[in-house]
Amino acid sequence: MAGARLGRNAKPRAPLSFCWKVLLASFLGLSFVIVWSVFSSPSAAISTGRDSFDNIQGNPSAPTQYIASITRPPATVKPSSSRNESESSLRKEEKKGVVEQKPDAKANPDEAHAEGEEEIEIDVEDGVDVNPEEENQLSEGDTSGGENESNTDKKKSKKKNSGPLFDPKARYEWKLCGGRNKQNYMPCIDMEGAGGRRHHERSCPNGAVTCLVPLPRGYSALVPWPESKSKVVFGNVAHPKLSAFVKTKNWVNVSGEYLTFPSEESEFKGGVQHYLDSIEEMVPDIEWGKNIRILLDIGCSDASFVGTLLEKDVLTLSLGMMNDQTDLAQVLLERGIPAVVGNLGIRRLPFPGGIFDAIHCSGCNIHWHSNAGRLLLEMNRILRPGGYFIMSSSHGDAESEVGMSSLTASICWNVLAHKTDEISELGVKLYQRPASNEIYDLRRRNEPPFCKDGENQDFAWYAPIKTCLHKLPAAIEERGTDWPEEWPNRLETFPEWLGDLQEKIIADNEHWKAIISRSYLVGLGIDWSKIRNVMDMKAIYGGFAAALAPQKVWVMNVVPVHAPNTLPIIFERGLLGIFHDWCEPFSTYPRSYDLLHADHLFSRLKNRCKQPIAILVEMDRILRPGGWVIIRDKSEILNPIEKIFKTLQWDITMTFTQDKEGIICVQKTMWRPLT
């Protein structure tokens, strides 16, 4: 009986012993996790004692710091249909011999947001959303969300739209792009394998472009600004059609290894200064550099017009036509002059409405009155209310003049002046867009008709040109009712229509002034004397560009199509900008920019793009050898980006991380993979 009682008493003790074992194991496991997280934290290892990474005062000669890379292996998930499409596109690229990616694991798109992300979302994305059709600005073929997806599903997908943009275990074997025009390859403009021909409209490849554009044979370092305005290295832009073109012009010469642009020569007889003076005499209100700050020049020529206006503080964007086989826009960019490649066809230009102070067209041979005046209506859309349209030509076409006269009268453009200059032998005509709606009431016929109420004139990404007139703003709180302040006051003078946003723009201004003065100009090892063409890949209010205004640079402010539409604010401040979807290549030539700046661009894209690696490849394409990239983002995103830059043989000059945020500064080298 005693043995039996002992046995019965022993049975209840077994579970108690097991519980102690479980508790002890849990305690030891928890202790291990705490100790491991403390001693392996990259921010603790690098940023101890720093309050912010906005005022880095690094020593460029000091050894490079690298962000620690500790990546938790992502969970394997069942591939979605979009994932299968992505992998199918990748296989197509591999067959072309473009790039081979060898992922060791699949990313989990449902992984939760990193801690602290919500604060940054509010900080950098809170803007003026003047484009309620924002979700429609996605490019054709974008698969970030189905068209029939409900609003609830979209909200849920936004919350779950996280996870690593880049597979941290992927390995890359880079290969060069092929094709006859490979060193000047523009993916959405050039017809692949068609002998250097161009598309009539922007048309991007089905699969992501992941090949590297080769350098021209004998590529040399750029001539620094302002010397580049008068000469560039011919070999950097040379090709047979440009060589043939140069032989027919007196304003450009070949001198040894350089293309030179004599200051006394110009496409305009009598000189470009006489041409500009005659325009200002015809309409004194023009006031180059004061009243007129932002100008769009249709087509590219010798750039004497644009270069001389730069000296007068007029910031001119040259629109190089896609059918220009001499690639004069590339020559302009090589000279350090703003230019972008586009087309005047059936789609709107990638700009919001009412933003250019003036538009200039000299000898561009465009039949503005054709197709119901569609192209001139597009000029009317992007021209500021009260803005100027300047057209000049050396020979008149009676039919075009009659058609143009009828069309401009129907849209109520006022002919301010018209004369033929005896010296330049050009017929110059200046028009002005109306500044109020009252004049439209005087029209005998409502042709072209007014656009429908609610039609967004800022909706411009892959949007067709509408053959209708947008009504002009009437209330003081609407953008465009007042002409901006004279330059340079307009840079930091904010109109009433901005309302409460004025405080945010002022704060953004001070934020970037501090970062650039304390870090970018002194702490990253960048030689700013060699920086001229700059791109802010995710601009908001233009604070980055405004802070660089004292430097001898110009900045292309890119507002992504999936972000709030703040581009009108940027133009209002007297700065340049453009819409773009970074899931696609940018409309410019290879080697266009000296510095690219990306502030939380990648963390905003998340899994929006099928192959995010193509964005880094695009950065490689548009950046010049010796050019710089500054990326500010989450450390979990910077870690794999740093590894990818290393595979591209770029020099990583500085990395820094704190509280899961970081910055990386890298310089592109001359390295290209062997063919």
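Refer to the structure printed above.
Conventions we followed
Each chain has its residues counted from 1, following the order in which its sequence is written. With the structure being a predicted model, the display of local features is reserved for residues of pLDDT at least 70 and the display and counting of side-chain atom pairs for 80 or more, all residues being used for whole-chain, interface and lining totals. Values reported for side chains reflect all heavy atoms of the structure, with hydrogen atoms and water molecules removed beforehand. Numbering of helices and strands runs from the N terminus; a helix is a DSSP stretch of H or I covering at least four residues, while a strand is a stretch of E covering at least two. Contacts were defined at the residue level, with two residues in contact if any of their heavy atoms lie within 4.5 Å. What sets the accessible areas is the Shrake-Rupley method with a 1.4 Å probe; for residues, cover comes only from the shown protein chains. For two strands to pair, DSSP has to find at least two bridges joining them. Helix axes use the C-alpha atoms of the stretch in contact, all axes being lines fitted to C-alpha atoms, and the angles between their N-to-C directions lie in the range 0 to 180 degrees. By disulfide we mean two sulfur atoms from cysteines, separated by a distance within 2.5 Å. Residue exposure (1.4 Å probe, protein chains only): buried if accessible area is under 20% of the type maximum, exposed if over 50%, otherwise partly exposed. Here a salt bridge means any side-chain nitrogen of Lys or Arg lying within 4 Å of a carboxyl oxygen belonging to Asp or Glu. Ring pairs are drawn from Phe, Tyr and Trp, using the six-membered ring of Trp, whenever the two centres fall within 6.5 Å, and their geometry is named by plane angle: stacked under 30 degrees, edge-to-face over 60, tilted for the rest. Remark: a charge is flagged as sitting over a ring if the NZ atom of Lys or the CZ atom of Arg is within 6 Å of the ring centre and within 35 degrees of the ring normal.

Participant: So what's going on with the overall build of the protein chain? Which residues, and what values?
Facilitator: Counting secondary structure elements, the protein chain contains 18 helices and 19 strands. The contacts in the protein chain between residues at least 6 apart in sequence include a share of 73% that link residues at least 24 apart. Summing over all exposed atoms, the protein chain offers an accessible surface of approximately 31,100 Å²; the carbon and sulfur share of this is 51%.

Participant: Can you break down the sheet that holds strand S4 (residues 253–255) residue by residue, with the values?
Facilitator: Ordered in space as S3-S5-S4, the 3 strands form an open sheet in which the pairing is antiparallel. Unpaired on one side and paired on the other, strand S3 (231–233) and S4 mark the two borders of the sheet. On average, adjacent strands in this sheet sit at an angle of 30° to one another, irrespective of strand direction. Bridge count for S3 against strand S5 (residues 258–260) is 3 bridges, and the pairing is antiparallel.

Participant: Run through the pairing of strand S12 (residues 427–432), naming residues and quoting values.
Facilitator: In this sheet, S12 lies alongside strand S10 (residues 383–393) in antiparallel orientation, the contact comprising 6 bridges. Each residue of the ladder has a partner; that of Tyr 388, found in S12, is Gln 432. Note: strand S11 (residues 414–420) against S12, 6 bridges, orientation antiparallel. What sits directly across from Val 415, in S12, is Tyr 431. Linkage of S11 to S12, two consecutive antiparallel strands, is achieved through a turn of 6 residues, within which Glu 425 is found at a positive phi near 60°.

Participant: Could you give an account of the state of the cysteines, naming the residues involved and the relevant values?
Facilitator: The term disulfide refers to a covalent linkage connecting the sulfur atoms of a pair of cysteines. The tally for this structure, following the rule as stated, stands at 5 disulfides. Note that Cys 361 is cross-linked by a disulfide to Cys 364, the S-S spacing being 1.6 Å. For Cys 583, the disulfide goes to Cys 609, at an S-S distance of 2.0 Å. In this structure the cystine formed by Cys 583 and Cys 609 twists about its S-S bond by roughly -80°; its chirality is therefore left-handed. Separated by 26 residues along the polypeptide, Cys 583 in the loop between strand S15 (576–580) and strand S16 (593–599) and Cys 609 in the loop between helix H16 (601–605) and helix H17 (613–622) bring together distant segments of the chain. What makes Cys 583 partly exposed here is its relative accessible area of 28%.

Participant: Report on the pattern of salt bridges, specifying residues and quantitative values.
Facilitator: The final tally for this structure, using the stated rule, is 20 salt bridges. Of the charged contacts in the structure, one is a salt bridge between Asp 594 and Arg 624, with a shortest N-O distance of 2.8 Å. Of the two residues, Asp 594 sits in strand S16 while Arg 624 sits in strand S17 (residues 623–634), which places them 30 residues apart along the sequence. Given the relative accessible area of 6%, Asp 594 is considered buried. Between Lys 634 and Glu 661 there is a salt bridge, with the nearest N and O atoms lying 3.6 Å from each other. You can see Lys 634 sitting in strand S17 and its partner Glu 661 sitting in strand S19 (residues 661–667), a full 27 residues away along the chain. Summarising the burial analysis for this pair, Lys 634 and Glu 661 share the class buried.

Participant: Mind laying out helix H9 (residues 304–311), listing which residues take part and the relevant values?
Facilitator: Summarising burial for H9: 7 of the 8 residues are buried, a large majority. Those residues of H9 that fall on the buried side of the exposure criterion are Ser 304, Phe 305, Val 306, Gly 307, Thr 308, Leu 309 and Leu 310. Next to the buried residues of H9 lie helix H8 (272–282), strand S6 (294–298), strand S7 (315–321) and strand S9 (356–362).

Participant: Please set out the packing of aromatic side chains residue by residue, giving values where relevant.
Facilitator: On inspection of all chains with the given rule, the structure shows 22 aromatic pairs. With 5.3 Å between their ring centres and 65° between their planes, Phe 356 and Phe 571 make a pair best called edge-to-face. Taken together, the positions of Phe 356 in strand S9 and Phe 571 in helix H15 (residues 567–572) put the pair 215 residues apart, joining distant regions of the chain. Residue Phe 356 shares its accessibility class with Phe 571, and that shared class is buried. Each ring, one from Trp 512 and one from Tyr 520, has its centre 6.5 Å from the other, and the planes form 55°; the classification is tilted. A single burial state applies to Trp 512 and to Tyr 520, both of which are buried. One residue, Arg 293, lies across the ring of Trp 487, its end atom 3.5 Å from the ring centre.

Function-wise, these values are silent; they only describe arrangement.
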